[in-house]
Amino acid sequence: MQTIQLLFSTRPLAERLKSLLPGPVWVQTQFAKSLACVIIGDVFLLVNHPGQEDERLWELGNNMVEISADEAPSNHSSRRVYFLLLSNFLILLACTFNPPPILVRLGLITPTPTPDLFVHYRAALQPWARGDIETVGPLPRYHITAQLDEADTTLTGVMQVIVPAPGPELVFRLYPNMKNYTGSIEVTTARINDTAVAITPLADGAAIRLELPRLADGNLPTSATVHLAFSLQLSRNLTSNYTLFGWDGPTLSLPGFYPTLAVQQGGTWVLDWPPDHGDVLFNEVALYQLDLTLPAELVVVASGVTLNVIDNPNGSRTWQIAGGPLRDMTVMAGPFQAVSEHAAGATVTSYYLPGHEVAAQAVLAHAAASLRLYSDTYGPYPYTELDLVEAPLNVRGMEYSGLVLIGEELYRNQREFLTFLVAHEVAHQWWYGLVGSNPYQHPWLDEGLTEYSAFDYYRGVFGQSEAERLLTGRWLIPFKAAANGGIDGTVDRPASAFNPASYELLVYAKAALFFNALREQLGSDMYRQVLQTYYAENRYRLVTPSTFLATAERVSGQNLNPLAEEWLR
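All of the points below concern the structure found in this document. What you see is a predicted model; the values in this text were computed from it and never measured.

### Describing the overall build of the protein chain
1) Next: Helices and strands together make up the secondary structure of the protein chain, namely 14 helices and 29 strands.
2) Next: Pairs at least 24 apart in sequence give 70% of the contacts found in the protein chain among residues at least 6 apart.
3) Next: Accessible surface computed for the protein chain: about 22800 Å², of which carbon and sulfur atoms make up 52%.

### Describing unusual backbone geometry
1) Next: Residue Gly-324 is joined to Pro-325 through a cis peptide bond whose omega torsion reads -5°.
2) Next: Locating Pro-325 in the fold gives a position in strand β21 (residues 316-326).
3) Next: Phi is positive for Asp-152, which is not a glycine, with a value near 65°.
4) Next: Turning to its location among the elements, Asp-152 is positioned in the loop between β5 (141-148) and β6 (154-164).
5) Next: A relative accessible area of 16% means that Asp-152 is categorised as buried.
6) Next: The backbone of Asp-204 sits at a positive phi, close to 55°, despite the residue not being glycine.

### Some points on the pairing of strand β25 (residues 385-391)
1) Next: Within β25, 6 of the 7 residues are buried, leaving the element largely enclosed by the surrounding structure.
2) Next: Pairing geometry for strand β24 (residues 346-352) and β25, over 5 bridges, is parallel. Paired with Val-348 across the strands is Leu-386, a residue of β25.
3) Next: Each parallel crossover has a hand, and the one from β24 via helix α5 (residues 357-377) to β25 is left-handed.

### Concerning the nonpolar core
1) Next: Ranked by size, the top nonpolar core spans 157 residues in total, and within it Phe-172, Val-226, Phe-257, Trp-475 and Phe-548 carry the most contacts.
2) Next: When residues in this core are grouped by element, the largest group, 13 residues, is from helix α11 (residues 500-522).
3) Next: Those residues within four positions of Val-226 in sequence are excluded, and the remaining contacts are Met-159, Gln-160, Val-161, Val-163, Leu-170, Phe-172, Arg-191, Ile-192 and Leu-210.
4) Next: Counting residues in hydrophobic clusters, the runner-up holds 5 residues, among them Val-171, Ala-207, Ala-262 and Trp-269.

### Quick look at the packing of aromatic side chains
1) Next: Considering all chains together, one arrives at 28 aromatic pairs under this definition.
2) Next: Ring centres 6.2 Å apart and planes at 80° place the aromatic pair Tyr-457 and Tyr-458 in the edge-to-face group.
3) Next: Owing to a relative accessible area of 1%, Tyr-457 belongs among the buried residues under this scheme.
4) Next: Using a relative accessible area of 12% as the deciding quantity, one classes Tyr-458 as buried.
5) Next: Look at Phe-514 and Phe-515: their rings are 5.0 Å apart centre to centre, the planes differ by 70°, and that puts the pair in the edge-to-face class.
6) Next: Since its relative accessible area comes to 1%, Phe-514 is described here as buried.

### Description of the pairing of β5
1) Next: The element β5 is extensively covered by neighbouring structure, given that 6 of its 8 residues are classed as buried.
2) Next: For β5 and β6, the ladder comprises 8 bridges, and the chain directions are antiparallel. The residue of β6 that forms the bridge with Ala-146 is Gly-157.
3) Next: As consecutive antiparallel partners, β5 and β6 are separated by 5 residues, and within that stretch Asp-152 has a phi angle of approximately 65°, a positive value.
4) Next: Examined bridge by bridge, β5 and strand β18 (residues 286-295) share 7 bridges and lie parallel to one another. In the strand pairing of β18, Gln-147 is matched with Thr-293.

### Describing the sheet that holds strand β15 (residues 260-261)
1) Next: Spatial ordering of the open sheet is given by β10-β11-β7-β15, a layout of 4 strands whose pairing is antiparallel. A strand with exactly one partner marks an edge of an open sheet, and here the two such strands are β10 (200-202) and β15.
2) Next: Pairing of strand β7 (residues 169-173) with strand β11 (residues 207-211), which is carried by 5 bridges, proceeds in the antiparallel orientation. Its bridge partner lying in β11, Glu-169 is registered against Glu-211.

### Side note on the packing of helix α10 (residues 464-484) against α11
1) Next: Two elements in contact, α10 and α11, have axes whose closest approach is 9 Å; the angle formed by their N-to-C orientations is 120°. Compared by their axis directions, α10 and α11 come out oblique. Crossing handedness for the pair α10 and α11: left-handed. Every residue of α11 that contacts α10 at Leu-471, Arg-474, Trp-475, Leu-476, Pro-478, Phe-479 and Ala-482 is listed here: Glu-504, Leu-505, Leu-506, Ala-509, Lys-510, Ala-512, Leu-513 and Asn-516.
2) Next: Its residues placed into classes, the contact of α10 with α11 shows 11 nonpolar, 1 polar and 3 charged.

### Things to note about the packing of helix α7 (residues 418-427) against helix α9 (residues 443-462)
1) Next: Here α7 crosses α9 at 120°, and the two axes come no closer than 8 Å. Considering their axes alone, α7 and α9 lie oblique with respect to each other. In the crossing of α7 with α9, the sense of the turn from one axis to the other is right-handed. Of the residues in α9, those in contact with Thr-419, Phe-420, Ala-423, His-424 and Ala-427 of α7 are Glu-447, Thr-450, Glu-451, Ser-453, Ala-454, Tyr-457, Tyr-458 and Phe-462.
2) Next: Class assignment for the residues of the contact of α7 with α9 results in 7 nonpolar, 4 polar and 2 charged.

### A few points about the pattern of salt bridges
1) Next: Under the defined criterion, the tally for this structure stands at 15 salt bridges.
2) Next: Here Glu-466 makes a salt bridge to Arg-469, at a shortest N to O gap of 2.2 Å. Taken together, the residues span about one helical turn, with Glu-466 and Arg-469 both in helix α10 at a distance of 3 residues.
3) Next: Owing to a relative accessible area of 29%, Glu-466 belongs among the partly exposed residues under this scheme.
4) Next: Two residues, Lys-510 and Asp-488, come together in a salt bridge whose shortest N-O distance is 3.0 Å. Of the two residues, Lys-510 is situated in helix α11 and Asp-488 in the loop between α10 and α11; the sequence distance between them amounts to 22 residues.

### Some thoughts on the environment of Ala-124
1) Next: The topology assignment puts Ala-124 in the loop between α3 (119-122) and α4 (132-135).
2) Next: Here the alpha-carbon distance between Ala-124 and Ile-321, two residues 197 residues apart in the chain, equals 9.5 Å.
3) Next: Excluding residues that lie within four positions of it along the chain, Ala-124 makes contacts with Gly-304, Val-305, Ala-322, Gly-323, Gly-324, Pro-382, Tyr-383 and Thr-384.

Conventions used here
- Chains are numbered independently. Their residues run from 1 in the order of the written sequence.
- Local features in this predicted model are restricted to residues whose pLDDT is 70 or higher, and side-chain atom pairs enter the listing and the counts only when it is 80 or higher, whereas totals over whole chains, interfaces and linings include all residues.
- Hydrogens and water are ignored here; the side-chain numbers use all heavy atoms of the structure.
- A run of DSSP states H or I qualifies as a helix once it reaches four residues; a run of E qualifies as a strand once it reaches two. Both are numbered from the N-terminal end.
- What makes two residues a contact is simply this: any of their non-hydrogen atoms within 4.5 Å.
- The Shrake-Rupley method, run with a 1.4 Å probe, gives the accessible areas here. Residue values count only the displayed protein chains as cover.
- Note on exposure labels: buried denotes an accessible area under 20% of the residue type's maximum, exposed denotes more than 50%, and partly exposed covers the range between, all computed with a 1.4 Å probe on protein chains only.
- At least two bridges found by DSSP between two strands are what make those strands a pair.
- Whether a crossover is right-handed depends on one test, that the path from the first strand over the helix to the second runs clockwise when the strands point away from the viewer.
- Nonpolar cores were defined as sets of buried Ala, Val, Leu, Ile, Met, Phe, Trp, Tyr and Cys residues, with membership established by side-chain atoms within 4.5 Å.
- Within 6.5 Å between ring centres, the rings of Phe, Tyr and Trp (the latter by its six-membered ring) count as paired, and their orientation is classed by plane angle as stacked under 30 degrees, edge-to-face over 60, tilted in between.
- Only the contacting stretch of a helix is used when fitting its axis, a line to C-alpha atoms as for every element, and angles between N-to-C directions run 0 to 180 degrees.
- Oblique is the label for every angle not falling under 35 degrees (roughly parallel), over 145 degrees (roughly antiparallel), or within 65 to 115 degrees (roughly perpendicular).
- By convention, the crossing between two helices is left-handed when the near helix turns anticlockwise from the far helix through less than a right angle, and right-handed when the turn is clockwise.
- Amino acids outside the nonpolar list (Ala, Val, Leu, Ile, Met, Phe, Trp, Tyr, Cys, Pro) and the charged list (Asp, Glu, Lys, Arg) are all regarded as polar, and Gly is one of them.
- Take a side-chain nitrogen of Lys or Arg and a carboxyl oxygen of Asp or Glu: if they are within 4 Å of each other, that pair is a salt bridge.

As structure tokens, this is what we get:
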């Protein structure tokens, strides 16, 4: 494809073009084999595509106009005049605004015609799972475009979110403004359905509220198209022993970097501030497109799949990424190298900093093995990729959708802890990414089950004796010692009710022992059936402890309230 002009426009230009052209227009003439004006979001392309001899047109939407040179008479017919007027208008428009080009081609246009609106998101799903987008119901659709400045400290972006069935207001989380982060984010403009709306800060600046403009009849619209412009400040040279957000040496961490629709439960927006020892992100699943422009020397690893990588004239590089349903869209960038293998229908890739290939190979081996085992034990992994990245987290790990972070110290030293940490974090793909829960109010539900999932991994890979050794050494002995020292109590309580020591011992160790007690009471086969049902019924959804216990009682036919009282309450 040859690009003769590319425009990245402001919203007024978007509205002007859309008012003049009802949709994407494709024209064939004797002057150029094919010429198109493509409007996708706020990106406009004037494309000359010579040499396309067949009639396969690229996917441009439902509004398509074709004028063949063979159909045009030798005199200047109205069709030819129409084309000349259209093409001259487009060229004049390009010359008039003439902004610097950002991209040289658009990877989100597929090479074959299709009416499938979700084709780009399905690229991140295995064939058997591609119908999940419809099954889970109408989902929010994000299209985020962001670019890093020359100083590498400010990320500016625009975002379109299509929200199905909105209420009278929408609330967006601004995660970088939380104390757990070391950056900040500001939303500078907001529009809903082409109407400017006021931005009301909430939660000490960690959220904003937007009121929906009503229709002329006073009713709410059936969907809302939200446009937000935002600016993100990134910190450098951090002094803590781990970096959740921003720069740390050559590595850039961007979890939750965009305004994110808040979760609404029981008619209330969830805007909790987690403690430092708790997890931050709490999201519904959504569909995502991301166009991210960063320095060319950085390798970008993100949730979803990369559709296109574009080298720009100014030396930067644009990564076009899509995926869904995803719990989050998280990005890591750095001078990474990579090794890969296939497992459970997915490509598993271990990204590492130069010099750490041996550890990266170990990470890859355990990630692939755990992905296979968990897919067999709990239910199949739906995505086409699973990425693991060496990250500035000291000896810790962190989970995101389709993305696992492993602390860089484990690549240098203490490699004996890689096995468990990788098995734990990969299990979070099931118990966080796919079956979500509230980490502020019920942190034990995903952390305890994820911890105990490592028992399944050890038993399946190393044998029962190694799994029993893990159970005793990691959970039973530490918990008993802590309980004898006065650290015990209710497991099912908010993260803010724990201090760091009790959080580790109760949310992780005691909760893991609850799942072990559940297995012992039900038997291994019934326990596995409970988890398979829990996963199948709640994939991409949010659950509560009651959801899990009700499922376990229904599947097993047993009263589990005494067990829950003993271990959780």
